[in-house]
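The lines below spell out each chain.
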Amino acid sequence: MHITIVMKPRQTVNLPVDYNHIVQSAIYNVMDNSMASFLHQQGFIVNGRIYRLFCFSRLNGFYNIDRHSGRILFSQNIQLIITSPVSAFVESVADGLLQQGEIRLGANVIAIESVSAQSIKVKNDSMVVKTLSPVVMYSTVLRPDGRKYTVYFQPGDPGYDALITANLQKKYKAFYGQEAPAGRVKVNSKGVVKMNVLQYKGTVIKGYSGLLQVTGPQKLLQIAVDCGLGSKNSQGMGCLQVQRQNHADRSVVFGGNPIGRQINNISNFVSSPCR
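Residues numbered from 1 in each chain as written. Predicted model: local features only at pLDDT ≥ 70, side-chain atom pairs only at ≥ 80, totals over all residues. Heavy atoms only, no water.

Caption draft 1: Region of the structure containing the overall build of the chain. Broken down by element type, the chain carries five helices and 19 strands. A total of 275 residues make up the chain; the buried ones form 49% of that total. Carbon and sulfur atoms provide 45% of the accessible area of the chain, an area that totals close to 13,200 Å². (Helix = DSSP H or I, 4+ residues; strand = E, 2+ residues; numbered from the N terminus. Buried < 20%, exposed > 50% of the residue type's maximum accessible area, 1.4 Å probe, protein only. Areas by Shrake-Rupley, 256 points an atom, 1.4 Å probe, with all protein chains shown as cover.)

In structure tokens:
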């Protein structure tokens with residue numbers, strides 16, 4: 001399920017260029033306390049690793065960057081996309097946004113113009129996707145002196161597809177509680193992919209963005225669309241928009257302009273895919 005949020009600033013929105021942690025915090029703050037507490041303190045656990053099974057895009061809208069101060073300034077409507085296969089999460093976020101009618105990004109309080117949801121069903125074993133936030137894939141290795149360092153991979157690198165497949169299989173097991181279907185997921189760039197260097201709470205992260213051809217078991221592709229592709233999804237990495245495939249979309253508008261409509265039978269539109 002993809003939630004699309006349109007925000008209408010009352011004044012210029014002023015954020016640091018590396019704002020992912022601020023958006024992540026805002027998402028937690030619009031959820032009800034029980035959902036926020038569950039995701040933050042527990043999440044979905046597989047082999048000792050925690051998966052929070054949501055992802056979000058970069059902020060999309062007209063902006064200016066003040067390179068001297070390292071700030072990004074939005075003066076017009078801003079769009080944010082949040083994705084998750086977890087129905088209770090989707091309902092909690094949508095309900096919170098509509099009830100509050102605004103969202104806080106750092107020191108900025110921004111009115112909600114609209115909230116809509118779209119269920120995207122992956123129907124086959126191949127799709128072309130556009131990255132809405134960089135895809136991050138990495139491995140931690142040991143130096144000869146015993147110190148750890150991080151190696152980041154890009155599409156086409158040896159081992160990239162194996163890492164992507166293993167990551168999706170773990171997220172599948174975290175969500176469904178059963179082993180993932182057999183088969184490898186392959187990621188090929190369609191044109192030039194761009195390297196993005198970001199910081200998350202002081203940690204440097206490298207990811208890649210562009211158009212990607214993703215092939216593999218349909219159920220794992222569905223997890224990629226709903227949970228995000230690659231690592232660090234709940235930090236705003238790996239959010240995807242399907243460009244081409246034979247899929248069926250279903251949309252419902254939860255909120256309008258102005259906000260104030262009631263959510264009716266929301267659970268009908270936030271059922272978990274692939275079951």
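Next, the rest of the story.
Caption draft 2: Structural view of the packing of aromatic side chains. Applying the stated rule across the entire model yields seven aromatic pairs. Between the aromatic rings of Phe38 and Phe44, the centroid separation amounts to 5.3 Å while the plane-to-plane angle is 90°, which identifies the pairing as edge-to-face. A relative accessible area of 17% means that Phe44 is categorised as buried. For the ring pair Tyr172 and Tyr176, a centre distance of 4.5 Å and an interplane angle of 45° mean the geometry is tilted. (Phe/Tyr/Trp six-rings, centres within 6.5 Å; stacked < 30°, edge-to-face > 60°.)

Caption draft 3: A look at the sheet that holds strand β18 (residues 240–244). The sheet built from four strands is open, its strands ordered β14-β17-β11-β18 with antiparallel pairing. Both edges of this open sheet fall to β14 (186–189) and β18, since each of them pairs with a single strand only. Going across the sheet, the axis of each strand differs from the next one's by a mean of 35°, ignoring polarity. With four bridges connecting them, β14 and strand β17 (residues 211–215) associate as antiparallel partners. Counterpart to Asn188 in the pairing with β17 is Gln213. The strands that helix α5 (residues 218–227) touches are β11 (126–131), β17 and β18; relative to β11, the one it contacts most, it runs at about 15°. (Pairing = 2+ DSSP bridges. Axes fitted to C-alpha atoms, helices over the stretch in contact; angles between N-to-C directions. Contact = heavy atoms within 4.5 Å.)

Caption draft 4: Layout of helix α3 (residues 87–100). With 14 residues, α3 extends 20 Å from end C-alpha to end C-alpha; this agrees with the ideal 20 Å at 1.5 Å per step. Of the positions making up α3, those classed as buried are Phe89, Val90, Ser92, Val93, Ala94, Gly96, Leu97 and Leu98. The secondary structure elements touched by the buried residues of α3 are β1 (2–8), α1 (20–30), α2 (33–41), β8 (78–83), β9 (102–105) and β10 (108–121). (Expected span 1.5 Å × (residues − 1).)

Caption draft 5: Fine view of the side chain of Asn108. With respect to the helices and strands, the residue Asn108 is situated in strand β10. Judged by relative accessible area, which is 12%, Asn108 ranks as buried. Here the side chain of Asn108 touches Asn14 through a polar contact of 3.0 Å, landing on its backbone oxygen. In this structure, Asn108 is in contact with Thr12, Val13, Asn14, Leu15 and Ile103, ignoring residues within four places of it in sequence. (Polar contact = N/O pair within 3.5 Å; in protein donor to acceptor, adjacent residues only side chain to side chain.)

Caption draft 6: Looking closely at the pattern of salt bridges. Applying the stated criterion across every chain, the model contains three salt bridges. For Asp145, the salt bridge identified is with Arg147, shortest N-O distance 2.8 Å. The class of Arg147 is exposed, set by a relative accessible area of 52%. For Glu179, the salt bridge identified is with Lys173, shortest N-O distance 2.8 Å. (Salt bridge = Lys/Arg side-chain N within 4 Å of Asp/Glu carboxyl O.)

Caption draft 7: The arrangement of α2 in detail. If you check which residues of α2 are buried, you get Met35, Ala36 and Leu39. Looking down the long axis of α2, one finds its buried residues gathered within 95° of arc, a one-sided arrangement. Opposite the buried face of α2, by more than 90 degrees, sit the exposed residues Asn33, Ser34 and Gln41. Summarising the contacts, the buried residues of α2 are in contact with α1, β3 (44–46) and α3. Positive backbone phi, at 70°, marks Gly43, one or two positions downstream of α2. (Arc of directions from axis to C-beta.)

Caption draft 8: Examining the side chain of Asn20 more closely. Mapping Asn20 onto the fold places it in helix α1. Setting aside residues up to four positions removed in sequence, Asn20 forms contacts with Phe56, Arg58, Leu198, Tyr200, Gln235, Gly236 and Met237.

Caption draft 9: Seen up close, the packing of α1 against α3. Direction vectors running N to C along α1 and α3 enclose 85°, while the axes themselves pass 8 Å from each other. Between α1 and α3, the angle is such that the two are roughly perpendicular. Judged by residue contacts, Ile27, Asn29 and Val30 of α1 engage Phe89, Ser92, Val93, Gly96, Leu97 and Gln100 from α3. (Parallel < 35°, antiparallel > 145°, perpendicular 65-115°, else oblique.)

Caption draft 10: Highlighting the environment of Ile78. Looking at the element boundaries, Ile78 is found in strand β8. Taking the C-alpha atoms as reference points, Ile78 and Met7, separated by 71 residues in sequence, lie 5.1 Å from one another. In this structure, Ile78 is in contact with Ile5, Val6, Met7, Pro9, Val13, Leu59, Asn60 and Ile110, ignoring residues within four places of it in sequence.

Caption draft 11: Quick look at the nonpolar core. Judged by nonpolar contacts, the single largest core of 70 residues is most densely connected at Met7, Leu59 and Phe89. Sequence-distant contacts of Leu59, defined by excluding residues within four places in its chain, comprise Met7, Leu15, Tyr19, Val23, Phe74, Ile78, Gln79, Leu80 and Leu105. Formed by six residues, the second largest nonpolar core is a distinct cluster that contains Tyr152, Leu198, Ile205 and Met237. (Core = buried A, V, L, I, M, F, W, Y, C linked by side-chain atoms within 4.5 Å.)

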